[in-house]
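Analysis of the macromolecular model
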Amino acid sequence: GENVEQHPSTLSVQEGDSAVIKCTYSDSASNYFPWYKQELGKRPQLIIDIRSNVGEKKDQRIAVTLNKTAKHFSLHITETQPEDSAVYFCAASRDYGGSQGNLIFGKGTKLSVKP
Amino acid sequence: GAVVSQHPSWVICKSGTSVKIECRSLDFQATTMFWYRQFPKQSLMLMATSNEGSKATYEQGVEKDKFLINHASLTLSTLTVTSAHPEDSSFYICSARAPHTYEQYFGPGTRLTVT
């Protein structure tokens, strides 16, 4: 089955700097890669996602890149702000039907942005 | 759009009793709903996948007779923790996915404490 590895487990940056979180996956058939942000005690929120037919996607200060050959994808946050502090999870799934639509999550990265 | 609610947000029950948690998609029809369990500072662990009108599919190691899942309508899935024990104390989160889409949207979670 699919296995998703996420690094680093913790990341501390200064306000205004960039943050990069990386994930690798094992199932070459995976074709959907979302990123979730979870603040303490709250629900995971979808912040950006990418499908396998796209190499990069950007939404304001957030971007995701995908390298299907190497089976890794990354989250890039530029101009970080204290409110970006949270735990970020990457995930992977293939298709959207039946059990193949299950998201497999990485272990999470705790991002701390110091003012 | 894509709002998922969960009720209750927290519950305390005595060992041996049962607890029901509801997950509702408020503004879309969810043919598939997922139930996760999250321990402190850990990732989301998929417990089961439920499709409207059919039996839930449980992940390996999850007892289907202990965690009863019902997905009776396109907007409601319920998780009943039967004969709860202190080790069942955890944060339970549901997510919902609309037909023919990839995105999963999460409920706010239910914190269960079994005394």
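Refer to the structure above for everything that follows.
Reading guide: rules and limits
Sequence order as written defines the numbering, with residues in each chain counted from 1. In the order they appear in the text, chains get letters beginning with A and ligands get numbers beginning with 1. In keeping with the model being predicted, local features are shown solely for residues with a pLDDT of at least 70 and side-chain atom pairs are shown and tallied solely at 80 or more, while totals for entire chains, interfaces and linings include all residues. Heavy atoms from the whole structure form the basis of all side-chain values; hydrogens and water molecules are not counted. Only DSSP runs of H or I with at least four residues qualify as helices, and only runs of E with at least two residues qualify as strands; both kinds are numbered from the N terminus onward. A 3.5 Å cut-off defines polar contacts: any pair of N or O atoms within that distance qualifies, except that in protein one atom must be a possible hydrogen donor and the other a possible acceptor, and neighbouring residues in sequence count only when both atoms are side-chain atoms. Only a pair of cysteine sulfur atoms within 2.5 Å counts as a disulfide in this structure description. Under the scheme applied here, a residue whose accessible area is under 20% of the maximum for its type counts as buried, over 50% as exposed, and between as partly exposed, the area being computed with a 1.4 Å probe on protein chains only. The criterion used for residue contact is that any of the two residues' heavy atoms lie within 4.5 Å. Accessible area, probed at 1.4 Å, shrinks when two parts are joined; the buried area is that loss added up over both. Within this document, salt bridges are pairs made up of a side-chain nitrogen of Lys or Arg and a carboxyl oxygen of Asp or Glu, the two lying within 4 Å of each other. In this classification, the charged set is Asp, Glu, Lys and Arg, the nonpolar set is Ala, Val, Leu, Ile, Met, Phe, Trp, Tyr, Cys and Pro, and all remaining amino acids, among them Gly, are polar. Strand pairing is defined by DSSP finding a minimum of two bridges between the two strands. Here an angle of 0 to 180 degrees is reported between the N-to-C directions of two axes, which are lines fitted to C-alpha atoms, with helices fitted over the stretch in contact.

So, the side chain of His71 of chain B
On the secondary structure map, His71 of chain B appears in strand S7 (residues 67-73). At a separation of 2.9 Å, a polar atom in the side chain of His71 of chain B contacts the side chain of Ser50 of chain B.

Quick look at the state of the cysteines
Going through the model one piece at a time under the given rule, you end up with 2 disulfides over all chains. Residue pairing for Cys23 of chain A: its cysteine sulfur links by disulfide to Cys90 of chain A, the two sulfurs lying 1.9 Å apart. An S-S torsion of about -100 degrees defines the bridge between Cys23 of chain A and Cys90 of chain A as left-handed. Of this pair, Cys23 of chain A sits in strand S3 (residues 19-25) while Cys90 of chain A sits in strand S9 (residues 86-92); the two residues are 67 residues apart in sequence, bridging distant segments of the chain. Residue Cys23 of chain A is classed as buried on the basis of its relative accessible area of 0%. The residue that forms a disulfide with Cys23 of chain B is Cys94 of chain B, at a sulfur-sulfur distance of 2.0 Å. On the sign convention where negative is left-handed, the bridge of Cys23 of chain B and Cys94 of chain B, at about 80 degrees about the S-S bond, is right-handed. Remark: Cys94 of chain B occurs in strand S9 (residues 90-97) and Cys23 of chain B occurs in strand S3 (residues 19-25); sequence separation between them is 71 residues.

As for the interface of chain A and chain B
Chain A puts 21 residues into the contact, and the matching count from chain B is 22 residues. For the pair chain A and chain B, the summed buried area comes to about 1,800 Å², and 54% of that belongs to carbon and sulfur atoms. Taken together, the links from chain A to chain B amount to 1 salt bridge. Of the charged contacts in the structure, one is a salt bridge between Glu103 of chain B and Arg51 of chain A, with a shortest N-O distance of 3.2 Å. At the boundary of chain A and chain B, one finds 7 residue pairs in polar contact (both at pLDDT 80 or more). Only strand S4 (32-38) and strand S5 (45-51) of chain A provide two or more residues apiece to the side of chain A that touches chain B. In terms of residue class, the side of chain A that touches chain B is built from 8 nonpolar, 7 polar and 6 charged.

Overview of the sheet that holds strand S1 (residues 4-7) of chain A
Residues and elements named next belong to chain A. Reading across the sheet, the 5 strands line up as S1-S3-S8-S7-S6 and stay open at both edges, with antiparallel pairing between neighbours. In the strand order of this sheet, the two ends are held by S1 and strand S6 (56-59), each with one partner. Adjacent strand axes in the sheet meet at a mean angle of 15 degrees, parallel and antiparallel pairs treated alike. Pairing of S6 with strand S7 (residues 62-67) involves 4 bridges; the strand directions are antiparallel. Paired with Glu56 across the two strands is Thr65, which belongs to S7.

Some thoughts on the sheet that holds S7 of chain B
Residues and elements named next belong to chain B. Judged by pairing direction, the sheet is antiparallel, and its 4 strands sit side by side in the order S1-S3-S8-S7 without closing on themselves. Both outer strands of the open sheet, strand S1 (4-7) and S7, are each paired with one neighbouring strand and no more. Ignoring which end each strand starts from, the neighbouring axes of this sheet average 15 degrees apart. Relative to strand S8 (residues 76-81), S3 is paired through 6 bridges, and the arrangement is antiparallel. Opposite Glu22, over in S8, you have Thr78 as the bridge partner.

By themselves, these observations are geometric and do not establish any function.
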